[in-house]
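Coordinates in review
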Amino acid sequence: MKLAPSILAADFARLGEQVCEAQIAGADRIHVDVMDGHFVPNLSMGAPIVASLRPVTRLPLETHLMISNPDRFLQEFADAGSDSFLVHWEGNVNLHRTVRNIRGLGKRAGVAINPATPAEVLAEILPDLDQVLVMTVDPGFGHQQFLHSTLAKIYRVRRMIERVRPECELEVDGGIDPATARLCVEAGANVLVAGSAIFGSSEGVAGAMNRFAAGRN
Ligand code: DX5
Ligand code: ZN
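Summary of the structure given here. Values in this document were obtained by computation on a predicted structure and should not be read as measured data. Just so you know, the residues in each chain are numbered from 1, in the order the chain's sequence is written. Labels are handed out in written order, letters beginning with A for the chains and numbers beginning with 1 for the ligands. This being a predicted model, a pLDDT of at least 70 is required before a residue's local features are given, and a value of 80 or more before pairs of side-chain atoms are given or counted; all residues contribute to the totals for chains, interfaces and linings. Neither water nor hydrogens contribute to the side-chain values; these are computed over all heavy atoms in the structure.

All right, on to the pattern of salt bridges then. Every case where a carboxyl oxygen of Asp or Glu lies within 4 Å of a side-chain nitrogen of Lys or Arg is listed as a salt bridge. Scanning all chains against the criterion turns up 13 salt bridges. Measuring nitrogen to oxygen at the nearest pair gives 2.6 Å for the salt bridge that ties glutamate 17 to arginine 14. With its nearest N and O atoms 3.0 Å apart, the salt bridge here joins arginine 103 to aspartate 130. Taken together, the residues span a long stretch of sequence, with arginine 103 in helix 4 (residues 95–104) and aspartate 130 in the loop between strand 5 (108–113) and strand 6 (131–135) at a distance of 27 residues. Helix and strand labels come from DSSP, where a helix needs a run of H or I of at least four residues and a strand needs a run of E of at least two; each type is numbered from the N terminus.

This is the structure we're talking about:
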């Protein structure tokens, strides 16, 4: 089980420090949520944040693009230091091309699906992926409540992955805390994104991450 703290919930005035804390506490990668106010009803951050973090951490910087035209920004994020891209199935009529473009930049490629999107849409693209991201909330905001209805889909995606591409990671994102993390892992997830449960915890970043490691609430 890998942990990917999402900096969306971090204190941006102390971003480098908080990412270092997460690294020391055993984070496997850093999850960067990019929102354009169009694909999702919120704005977040762009490539300069990735460029600023690149010299601060040796952890992979995973870039979750919740934007309408991901292809337009791949190069910029790659140059800034992104190691992998998660792009959405929704609204992307040329998804195969997008995944090919990511590979062309030498980066890891993942496809994200929203809560209302069935697992089956992944069938044709799965052989080309390093990661699948099952959204466990509707994307756009941190601090939302985990949707239990997504658990059956996580299980279905896990079975698809085992059949087609066992090395592909199955990641979950949204409302993940130690309790919902356990449910997701039981359903077949092996990478957990967590924002508010890590950066918003009164116990601090390391304390919150230890709870995940211990599987405690
Ligand atoms: C939601 C983002 C998430 C977000 C998760 O649209 O994709 O990565 O940061 O935040 P929490 O863990 O607070 O639900
Ligand atoms: Zn995300």
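From this point, things continue past the structure.
Moving on, we come to the site of ligand 1. Asp33, Gly140, Asp173, Gly195 and Ser196 are the nearest of the 20 residues found near ligand 1. Two N or O atoms count as a polar contact when they lie within 3.5 Å, although within protein this holds only if one can serve as hydrogen donor and the other as acceptor, and sequence-adjacent residues are included solely when both atoms are side-chain atoms. The contact in question runs from an oxygen atom of ligand 1 to an N or O atom on the side chain of histidine 31, over 3.4 Å. Interatomic distance of 2.6 Å between a side-chain N/O atom of serine 196 and an oxygen atom of ligand 1. Using the Shrake-Rupley algorithm and a 1.4 Å probe, accessible areas are obtained, with residue cover drawn only from the displayed protein chains. Within the complex, 99% of the 390 Å² of free accessible area of ligand 1 lies under protein. Cavity means a closed set of points on a 1 Å grid over the protein atoms alone, one where a 1.4 Å probe fits but cannot get out, pocket means an open set with protein on both sides within 12 Å along at least 5 of 7 lines, and lining means a residue has an atom within 4 Å of a point. To decide whether a molecule occupies a pocket or cavity, check its atoms: if more than half lie within 2 Å of the grid points, it is inside. In this structure, ligand 1 is accommodated by the largest pocket. A molecule or strand has a residue near it when one of that residue's heavy atoms lies within 4 Å.

Right, let's get into the coordination of the zinc ion (ligand 2). Expected angles at a metal are 109.5 degrees for tetrahedral coordination by four donors and either 90 or 180 degrees for octahedral coordination by six donors. Atoms of type N, O and S within 2.8 Å of a metal are treated as its donors, and for Na, K and Ca the window is 3.2 Å; water is not considered, so some sites may appear to be missing partners. With distances of 2.1 to 2.3 Å, the protein atoms coordinating the zinc ion (ligand 2) are His31 (NE2), Asp33 (OD), His64 (ND1) and Asp173 (OD). Labels for metal geometry use angle windows, namely 85 to 135 degrees for all angles of a four-donor tetrahedral site, and for square planar (four donors) or octahedral (six donors) sites opposite donors over 155 degrees apart plus all others within 65 to 115; sites meeting none of these are irregular. Seen from the zinc ion (ligand 2), its six donor atoms lie at angles of 71 to 169°, and the figure they make is octahedral. For each residue, the accessible area found with a 1.4 Å probe, counting protein chains only, is set against the maximum for its type, and the residue is called buried under 20%, exposed over 50%, and partly exposed in between. Of the residues examined, histidine 64 reaches a relative accessible area of 0% and is grouped as buried.

As a further point, take the packing of helix 5 (residues 151–164) against helix 6 (residues 178–187). Viewed as axis vectors pointing N to C, helix 5 and helix 6 meet at an angle of 35°, and their least axial separation amounts to 8 Å. On helix 6, the residues that touch Leu151, Ile154, Tyr155 and Arg158 of helix 5 are Leu183, Cys184 and Ala187. Interaxial angles span 0 to 180 degrees and are taken between N-to-C directions of axes, which are lines fitted to C-alpha atoms, for helices over the stretch in contact. The criterion used for residue contact is that any of the two residues' heavy atoms lie within 4.5 Å.

Right, let's talk about helix 8 (residues 204–214) for a bit. Those residues of helix 8 that fall on the buried side of the exposure criterion are Val205, Gly207, Ala208, Met209 and Phe212. Taken together, the buried residues of helix 8 touch strand 1 (2–5), helix 1 (15–24), helix 6, strand 8 (191–194) and helix 7 (196–199).

Below, the discussion takes up the nonpolar core. Membership of the largest hydrophobic core comes to 59 residues, with the highest contact counts inside it found for Ile7, Val132, Ile154, Ile176, Cys184 and Phe212. Among the elements that take part in this core, helix 5 stands out by supplying five residues, more than any other. Excluding anything up to four places from it in sequence, isoleucine 7 contacts Phe12, Leu15, Val19, Ile30, His31, Val32, Met45, Ile49, Leu53 and Phe199. Think of a nonpolar core as a cluster: buried Ala, Val, Leu, Ile, Met, Phe, Trp, Tyr and Cys residues, connected wherever their side-chain atoms sit within 4.5 Å.

Okay, the packing of aromatic side chains next. Two rings belonging to Phe, Tyr or Trp (six-membered ring only in the last case) form a pair when the distance between their centres is within 6.5 Å. Interplanar angles under 30 degrees mark stacking, angles over 60 mark edge-to-face geometry, and anything in between is tilted. Inspection of every chain in the model, using the stated rule, returns zero aromatic pairs. Two conditions define a charge sitting above a ring: the NZ of Lys or the CZ of Arg must be within 6 Å of the ring centre, and it must be within 35 degrees of the ring normal. The ring centre of phenylalanine 73 lies 4.5 Å from the NZ or CZ of arginine 72, which sits over that ring.

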